[in-house]
Amino acid sequence: MHNVVIIGSGCAGNTAAIYTARAGLKPLVIQGREAGGQLSLTTEVENFPGFPEGINGPDLVENMKKQAEKFGAEYMHGAVIEADLSQRPFRLNIEGDWIETRTLIIASGAKARWLDLPSEQKLIGHGVSSCATCDGFFYREKEIMVIGGGDSAMEEANFLTRFGRRVALVHRRDSFRASKIMLERAKANPKIEFIMNTAVTEVHDVEQNIVTGVTLKNLVTGETWRREVDGLFVAIGHIPNTQVFEGQLDLDPDGYIVSHGGARTNITGVFHAGDVQDRVYRQAITASGAGCMAAIEVERFLEAEGH
Ligand code: NAP
């Protein structure tokens, strides 16, 4: 029986692990299939306080993990495939192994959203990617396209100019969701071309099993045309990882956990932290802050229960 199980090993999960471990609760962290969360897919993090020169995303989460392990946190590979939160202790199925816990911190984050075109889905890993940091290297001197109008799209487009001959940024509207600084940085980059009011309607070439181009459609004029592209990076936001809790936890229509004050969910003893609940701020530092809040709530809850 665990005192506390933490689902997720991004900033939120790792920070919750540091705090609960330091409180002597011996937390078990379920790392998920993509350990380290979204920061492990980032390059430079320039806005995490305490690192005036910036820090590499994967290094930041790895440091957090080491800090938690120093205080006795345990890490387990794998993902939660089933959960029973109907009574305490809560029960979790980790890829076939059931474990029990008195409290639970859900810090399972969010995963990349796709365009959901059949051709795009078939070509994931064959020229279609959601992670510039992971796959940019394969597109040296190639034609790259990025989809999206948020900070992720700007960041990926900028990053990919290190590799590609040219980066086309395709956005469905004529104004951006991205922050001013990120947008200005992308606009100042001579290797980035902006294609506005435009959507990708098809990715070629499924028959060859490799990306050779896309069909684009101007959403204002209706005009369609084809463009040669070697790599397509989809950067259109994220979906919270809450599927295993559907029907048990209070979720909003997009699947984000609904907060019941502080780090509390609708189930006593189950707490949330980070992007799995936060659709507004979604920053490394806010996720860490939320992990800290959840840990403190767990400590108080267990103490009140006499553990
Ligand atoms: P986002 O802000 O939600 O932006 C998603 C973008 O994708 C929007 O421009 C949206 O278009 C577009 N989009 C959504 N669905 C689409 C579809 N089916 N087809 C075409 N386009 C579609 O997501 P994000 O850029 O991933 O950023 C998420 C959060 O992380 C934000 O709070 C952001 O500030 C933060 N972030 C920060 C940094 C940084 O500071 N270094 C880096 C990355 C992300 P519409 O605008 O038309 O809806």
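Since we're looking at a predicted model, the values are computed, not measured.

Participant: Now, about the overall build of the protein: what can you tell me, with residues and values included?
Facilitator: Helix and strand content of the protein: seven helices and 19 strands. At 21 Å, the protein has a C-alpha radius of gyration in line with the 19 Å of a compact globule built from 307 residues. Principal-axis analysis of the C-alpha atoms gives the protein an extent of 65 × 40 × 30 Å. Here the protein holds 307 residues, and 49% of them are scored as buried. For the protein, restricting intrachain contacts to residue pairs at least 6 apart in sequence, the fraction spanning at least 24 positions comes to 59%. Here the protein has roughly 15,000 Å² of accessible surface; of this, 48% comes from carbon and sulfur atoms. Once the 31 positive and 40 negative side-chain charges of the protein are each reduced to a mean point, those two points are 3 Å apart.

Participant: Break down the pattern of salt bridges for me, citing the residues and quoting the values.
Facilitator: Inspection of the entire model under this criterion finds eleven salt bridges. Across the pair Glu143 and Arg165 runs a salt bridge, and its minimum N-O distance is 3.3 Å. With Glu143 in strand β11 (residues 143-147) and Arg165 in the loop between α5 (151-160) and β12 (166-170), this residue pair connects regions lying 22 residues apart in the sequence. Between Glu184 and Lys180 there is a salt bridge, with its nearest N and O atoms 3.5 Å apart. Within this pair, Glu184 and its partner Lys180 are both found in helix α6 (residues 180-187), separated by four residues, close to a single helical turn. Of the residues examined, Glu184 reaches a relative accessible area of 45% and is grouped as partly exposed. Each of Glu143, Arg165 and Arg166 takes part in one network of salt bridges that share partners.

Participant: Residue-level account of the sheet that holds β12, with values.
Facilitator: Spatially, five strands are ordered β10-β17-β11-β12-β13 in an open sheet, and the strand pairing comes out parallel. The outermost strands of the open sheet, each flanked by one partner alone, are β10 (128-129) and β13 (192-195). Bridge count between β11 and strand β17 (residues 231-234): four bridges; the pairing is parallel. By the bridge assignment, Ile144 is partnered in β17 with Gly231. Taken strand by strand, α5 contacts β11, β12, β13 and β17, and its axis lies near 170° from that of β11.

Participant: Describe the packing of helix α1 (residues 11-22) against helix α2 (residues 57-70), with residues and values.
Facilitator: Packing of α1 against α2 brings their axes to within 8 Å, and their N-to-C directions diverge by 20°. Judged by the angle between their axes, α1 and α2 are roughly parallel. The way α1 lies across α2 gives a crossing that is left-handed. When α1 is examined against α2, the residues Cys11, Asn14, Thr15, Ala17, Ile18 and Ala21 are found in contact with a partner set consisting of Val61, Met64, Lys65, Gln67 and Ala68. Partitioning the contact of α1 with α2 into residue classes produces seven nonpolar, three polar and one charged.

Participant: Account for the side chain of Ser129, with residues named and values stated.
Facilitator: Residue placement: Ser129 occurs in strand β10. With relative accessibility at 4%, the residue Ser129 sits in the buried group. For Ser129, the residues in contact, after removing those within four places along its chain, are Trp114, Asp135, Leu232, Phe233 and Val234.

Participant: Can you tell me about the pairing of strand β1 (residues 2-7), naming the residues and giving the values?
Facilitator: The two faces of a sheet get side chains in turn, since along a regular strand they alternate between them. Two elements, β1 and strand β8 (residues 97-106), share five bridges in a ladder whose sense is parallel. The partner of Ile7 across the bridge, within β8, is Ile106. As defined by bridge partners, β1 adjoins strand β2 (residues 28-30) across three bridges and the pair is classed as parallel. Bridged to Val5 within β2 is Leu28. The parallel pair β1 and β2 is bridged by α1, and the resulting crossover is right-handed.

Rules behind the numbers
Residues numbered from 1 in each chain as written. Predicted model: local features only at pLDDT ≥ 70, side-chain atom pairs only at ≥ 80, totals over all residues. Heavy atoms only, no water. Helix = DSSP H or I, 4+ residues; strand = E, 2+ residues; numbered from the N terminus. Rg over C-alpha atoms; globule rule 2.2 N^0.38 Å. Buried < 20%, exposed > 50% of the residue type's maximum accessible area, 1.4 Å probe, protein only. Contact = heavy atoms within 4.5 Å. Areas by Shrake-Rupley, 256 points an atom, 1.4 Å probe, with all protein chains shown as cover. Lys, Arg positive; Asp, Glu negative; His and termini not counted. Charge placed at Lys NZ, Arg CZ, Asp CG, Glu CD. Salt bridge = Lys/Arg side-chain N within 4 Å of Asp/Glu carboxyl O. Pairing = 2+ DSSP bridges. Axes fitted to C-alpha atoms, helices over the stretch in contact; angles between N-to-C directions. Parallel < 35°, antiparallel > 145°, perpendicular 65-115°, else oblique. Left-handed = near helix turned anticlockwise from the far one by under 90°. Nonpolar A, V, L, I, M, F, W, Y, C, P; charged D, E, K, R; others polar. Right-handed = clockwise from strand over helix to strand, strands pointing away.

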